[in-house]
Amino acid sequence: MSQHTPPGQMAAHIPADLYQRAQATGQPVVFVVNDPPPAFPWQRIVVPFAIAGAVAAGGWGLVTAICFLLDIAAHTATVIAGAAGPIGIGGITLRLFRGKN
C-alpha cells in the first residue's frame, strides 16, 4: 500500500546513501518536521469582499454616469426648445417657455 502526502505538501527526502545504509542495517529512519501550524487563509475572506466592493463601486459609478448624461440631455433639450420658440402643428401652438413680458 502506498502512502500519499496531503495536497500541497512535499514528501520528506533523505540522501540515498543514508537510505541504503538504513535498509542494509535495519536502522529506523526518523524524520523531524518543524512546520508551524497553518495560518488562517485570509485570501478566502478578502477576495469575495474585494469583488463585492468593486461591484458596488462600479454600480455607483454607473448610476452617477446615467444621472450626468440625463442632466446633460435635459439641459440640451431646454436650450434647443428655448431657441426654437413656440412649436405649432396645425392650429395648436405649444409654448415651451413663458415670455419675459
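Caption draft 1: Spotlight on the overall build of the protein. Summing up its helical and strand segments, the protein has two helices and two strands in all. Burial analysis of the protein (101 residues in total) assigns 2% to the buried set. Working note: accessible area of the protein is about 9600 Å², and carbon and sulfur atoms make up 67% of it.

Caption draft 2: Spotlight on helix α1 (residues 16-25). The buried fraction of α1 amounts to one of the ten residues, a small share that puts the element mostly on the outside. Among the residues trailing α1, glycine 26 stands out with phi positive, at a value near 80 degrees.

Caption draft 3: Spatial organisation of a nonpolar patch on the surface. Taken together, the side chains of Ile14, Leu18, Tyr19, Val29, Phe31 and Val33 make up a nonpolar region of the molecular surface, amounting to roughly 520 Å² of accessible area. Inspection of the secondary structure puts tyrosine 19 in helix α1.

What counts as what
- Residues numbered from 1 in each chain as written.
- Predicted model: local features only at pLDDT ≥ 70, side-chain atom pairs only at ≥ 80, totals over all residues.
- Heavy atoms only, no water.
- Helix = DSSP H or I, 4+ residues; strand = E, 2+ residues; numbered from the N terminus.
- Buried < 20%, exposed > 50% of the residue type's maximum accessible area, 1.4 Å probe, protein only.
- Areas by Shrake-Rupley, 256 points an atom, 1.4 Å probe, with all protein chains shown as cover.
- Patch = residues over 30% accessible without salt bridge, like charges linked within 9 Å, V, L, I, M, F, W, Y side chains within 5 Å.
- Salt bridge = Lys/Arg side-chain N within 4 Å of Asp/Glu carboxyl O.

It is worth stressing that arrangement in space is one thing and function is another; only the former is reported here.
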